[in-house]
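# Descriptive analysis of the structure
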Amino acid sequence: MRLLPNLSIAHKLPLALIGSALVVGAGIGLAAYSVGLQTVDQQRAERMDASIRSSIDHLQAYFTNVTNDLKLFAARSDTADQIDDMGRAFAFLNTKGLGEKTLQDAYVTKSLSPDNRIDADGAGTMAGGYDAHHKHYHPGWRTLINERGYDDVLLFDAAGNLLYTARKEADFATNFAKGSGNPLSEGALGNLFRNALELPPGGVAFADFTFYGPSGGRPESFFASPVFKGDVVTGVLALKISAAPFSERVQSVRGLGATGEALIVGEDHLMRSQSAFFNDPNVLVTRVDSAIVDRAIETGQPAQGHLSLLGRATLAVAAPFTSNGAHWAVVATQTEAEVFAPVDQMRNTMLMIGGGLLVAAAALGLLFARTITRPIARLTDAMGGLAEGNLNVAVEGAERRDEMGAMARAVEVFRANALRVNTMTEEERAGSEQRRIERSMMMQALQGAFGEVVDAAVSGDFSKRVEADFPDAELNSIAASINNLVETVDRGLGETGRVLSALANTDLTHRVEGDYEGAFRQLKADTNAVAEKLSEIVGQLKDTSGALKIATREILSGANDLSERTTKQAATIEQTSATMEQLATTVMQNAQRAKDASVVAGSVTRTAEDGGMVMTKANEAMERITSSSGRISNIIGLIDDIAFQTNLLALNASVEAARAGEAGKGFAVVAVEVRRLAQSAAQASSEVKGLVEQSSSEVRTGSKLVAEAAHKLGAMLVAARSSNDLMDGIARDSQDQASSIEEVNAAVRQMDEMTQHNAALVEQTNASIERTEEQASELDRIVEVFTLVEPAPRLPVRAPVPPARGIRGLQQRVREAAKSYLTTGSVAVDKDWEEF
């Protein structure tokens, strides 16, 4: 402070202006930096919170899809049938204790490479009857793995035998029962199998990640569910899942910048997902030792703090995730350098702008000070020269119309008077000397008063005035000029300081109102221009903030509505997907049954054709029998005629023998016997003829019935052929329908996944919109501290058109909100919003 009195006014005035500008600028800069730092940190926390919620939603959706698939396939009857069929085939192979070795040799040891085993439907006759069941069931499980991205499908029977795996690794056909001697039975999968056996129908058990030897030592997790046949558990269905699906779902989350990512960490502090920034394996290898992980898992609430991860200093937020027995923490990280880059950039920009403004203020202060100090310095030199008796000194500035000009003109009067004194007589010189002494005394008094005022002004106190009253009007004029100068400087600096103080206190209503000339007029104009410009900017910020809040509120309302509908749509599509799965299974079964029925109908048709041929031959045989019966009847008629003629001849012989007397008695006896034989033959012929006629009638009836049966059988054959054609058509249509439903099912699955992603994106959008609204409120709070001049009433405007509803209304409100605060030069931004 001792240095200030020793400085000249030429240095004090610029220093005072620069110091004031520096204090105001530093205060505003520190306030802006503090607010910016808090805002950036708040936005960072909100972004991480939104990213974590989105990651948890993605994980929960994936867990739900896996459990739904597991429940669906565990409840299917063909899954239980597969366990029974493969169990019987395995038991048959194992009658000599060679079941495991036989299947291992057929499908693992002597099979294709591990990458190609899943594509092979069978292993040939080496596996015996097991291979037929494998060819029947394996394509369906392979389709599930390819569509869902699971690592493997495993089927156990109730005794712990791993009857089926899709990939055929070293664990295939081994036993996982406790005490079986299989090392894997004491691991995570063995414990999961035993836990699943105790679950009710539809129950799901989960085994956390562990290094699984048969999979090449990769980290694997397992889901398992019991398979029931009736009320009895017949086995366990398990799905093996790697870390890739979980990593993909947390890595798909956006909003964490270029250096941020979301990670999954277990209770053991080991990562369950792969980091996107490192190629080395992280799952079950990289530790995340941080208290925020423990707090999140133990308390069930999010926690945030600093985290050193893989050599990077990051800010992190951890949130708990619990599902199906998995107790994990989802951690969102972002490097501190990227988080605070906007604040650092703003700080550097403010320093650059502040430095430029400070230089400009220094230049303006220097120019302003020189307009005051240089005339004063010249007058001081002129007055010093006059005091030393140099009457030839030039007095500059007399042509000025301000106080400096008045002072210069007064000094010029002193110089002129001194010149006149030199030309006076002795008497006049004596009188003049007396007057000079008196004037010198008055000048000393004036100089004292002037020095006191100037010293006070140099110290920044402009309240002092030249109070002395001189008998000389010129001296009084000089004193008045000095007083007027100090008063003008005091009033100009006072008003300028008042306006700057009001600006520093966020009051933008004050202005410099005085009437000034020269540099003070320019200072007044510049100060008022600053206040006006700042008022205009803050007013525009208020209007923009209000419009932004309204638009954001409307967007949030529409987005909430869209989120609710998307959630309902996701649930509906998920139910539709499950229904389509069941429908596809039913249609496939119906197609198989129709195919089997078509085969049976073809067999019936062939049997009917064979029966028709037999009936045709039988009809031909009956016709031949009828023809033979007719010929037999003709022969019997001939025999009857012969018997009649024989009887007639025997009668004639008896008559002739009677006429002969004694000589014809022997012949008469013969004739009688012949007659009796002829009568017996006629009687027998008559009986045979009756039987033949009856047989012929029966044969004709039988032939007619055989013909009718052949006709009926022909009609049955036509109907069987038509039924066979219909069954073939039904089988083909059922197969086409099954293929179509499978395609629809795949489309529904894709829609389900897309809807789940859309629902997560809508939630993230809602969080972003809420953050935007909060930032708009924060902007309102910041701007509200400024006091503005009340605006003039606006002209009435037309009544607004009622906003459109639904998605089109949301698009319209987004466009209006964008136009309310986006600059016309931001062409890319405008195009983006128009596309939205």
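Residues numbered from 1 in each chain as written. Predicted model: local features only at pLDDT ≥ 70, side-chain atom pairs only at ≥ 80, totals over all residues. Heavy atoms only, no water.

### Looking at the overall build of the protein
Scanning the protein from terminus to terminus reveals 16 helices and nine strands. Taking all 836 residues of the protein together, 39% fall into the buried category. In the protein, 63% of the contacts between residues at least 6 apart in sequence involve partners at least 24 apart. Approximately 45,500 Å² of the protein is accessible, and the part contributed by carbon and sulfur atoms is 58%. (Helix = DSSP H or I, 4+ residues; strand = E, 2+ residues; numbered from the N terminus. Buried < 20%, exposed > 50% of the residue type's maximum accessible area, 1.4 Å probe, protein only. Contact = heavy atoms within 4.5 Å. Areas by Shrake-Rupley, 256 points an atom, 1.4 Å probe, with all protein chains shown as cover.)

### Quick look at the side chain of Glu169
Within the fold, Glu169 resides in the loop between strand E2 (162-165) and helix H5 (188-197). There is a polar contact of 3.1 Å between the side chain of Glu169 and the side chain of Ser215. With sequence-adjacent residues up to four places away left out, Glu169 is seen in contact with Gln104, Val108, Arg117, Pro214, Ser215, Arg218 and Lys240. (Polar contact = N/O pair within 3.5 Å; in protein donor to acceptor, adjacent residues only side chain to side chain.)

### A short note on the packing of aromatic side chains
One pass over the full model with this rule turns up 19 aromatic pairs. Judged by centre distance (5.4 Å) and plane angle (80°), the rings of Tyr62 and Phe246 are edge-to-face. Of this pair, Tyr62 sits in helix H1 (residues 9-75) while Phe246 sits in helix H6 (residues 244-251), and the two are 184 residues apart along the sequence. Judged by relative accessible area, which is 4%, Tyr62 ranks as buried. Residue classification places Phe246 among the buried positions, given a relative accessible area of 0%. Judged by centre distance (4.8 Å) and plane angle (50°), the ring pair of Phe206 and Phe223 falls under tilted. Here the residue Phe206 occupies a position in strand E3 (residues 205-212), and Phe223 occupies one in strand E4 (residues 218-229), the gap between them amounting to 17 residues. For the pair formed by Phe206 and Phe223, the shared burial category is buried. (Phe/Tyr/Trp six-rings, centres within 6.5 Å; stacked < 30°, edge-to-face > 60°.)

### Overview of helix H4 (residues 130-148)
Because each turn of an α-helix spans 3.6 residues, side chains separated by three or four positions end up pointing in the same direction. When the terminal C-alpha atoms of H4 are compared, their 26 Å separation across 19 residues agrees well with the 27 Å that a helix rising 1.5 Å per residue should span. Tyr137 marks the point of greatest bend in H4, at about 35°, and the proline Pro139 comes within the next four residues. Turning to H4, its buried residues number three or more, namely Tyr130, Asp131, His134, Tyr137, His138, Trp141, Arg142, Leu144, Ile145 and Arg148. (Expected span 1.5 Å × (residues − 1). Bend = angle between axes of the 7 residues up to and from the residue.)

### Thoughts on the sheet that holds strand E6 (residues 261-266)
Strand order in the open sheet formed by four strands is E6-E9-E8-E7, with antiparallel pairing between adjacent strands. Among the strands making up the open sheet, the edge pair consists of E6 and strand E7 (303-309). Each neighbouring strand pair of the sheet contributes to a mean axis angle of 40°, computed without reference to strand direction. Sheet analysis places E7 next to strand E8 (residues 312-323), joined by seven bridges and oriented antiparallel. (Pairing = 2+ DSSP bridges. Axes fitted to C-alpha atoms, helices over the stretch in contact; angles between N-to-C directions.)

### Concerning the environment of Asn652
Here Asn652 lies in helix H13 (residues 519-660). Looking at Asn652, the relative accessible area reads 41%, which means it is partly exposed. For the pair formed by Asn652 and Ala671, sequence separation is 19 residues and the distance between their alpha carbons is 8.5 Å.

### So, the sheet that holds strand E5 (residues 232-241)
Strand order in the open sheet made by the five strands is E2-E1-E5-E4-E3, with antiparallel pairing throughout. Of all strands in the sheet, those bounded by a partner on one side alone are E2 and E3. Neighbour-to-neighbour, the strand axes of the sheet open up by a mean angle of 25°, direction not taken into account. As defined by bridge partners, strand E1 (residues 152-157) adjoins E5 across six bridges and the pair is classed as antiparallel. Counterpart to Leu155 in the pairing with E5 is Leu237. Each of E1, E2, E4 and E5 is contacted by helix H2 (residues 77-93), which is oriented at about 100° to E4, the strand it contacts most. Where H5 meets the sheet, it contacts E1, E3, E4 and E5, and its direction lies at approximately 25° from that of E4.

### Digging into the pairing of E6
Where burial is concerned, most of E6 is hidden: six out of the six residues are buried. Inspection of the sheet shows E6 paired to strand E9 (residues 326-335) by six bridges, in the antiparallel sense. Counterpart to Gly266 in the pairing with E9 is Trp328.

### Quick look at the nonpolar core
Core analysis: the biggest nonpolar cluster contains 64 residues, and Leu103, Tyr130, Trp141, Leu237, Phe246 and Trp328 have the highest contact counts within it. Broken down by element, the residue count for this core peaks at twelve residues, all from H1. Setting aside its immediate chain neighbours within four residues, Leu103 contacts Phe90, Leu93, Val108, Ala127, Tyr130, Phe172 and Ala173. (Core = buried A, V, L, I, M, F, W, Y, C linked by side-chain atoms within 4.5 Å.)

### Some points on the environment of Glu742
Topologically, Glu742 is positioned in helix H14 (residues 665-784). Classification of Glu742 as partly exposed rests on a relative accessible area of 29%. Counting along the chain gives 162 residues from Glu742 to Met580, while the straight-line C-alpha distance between them is 8.1 Å.

### Regarding the confidence of the model for the protein
Taken over all residues, the pLDDT of the protein has a mean of 77, while the share at 70 or more is 81%. Scored below 50 in pLDDT, residues 794-801 shows one contact in the model against residues more than four places distant or in partner chains. (pLDDT = per-residue confidence, 0-100.)

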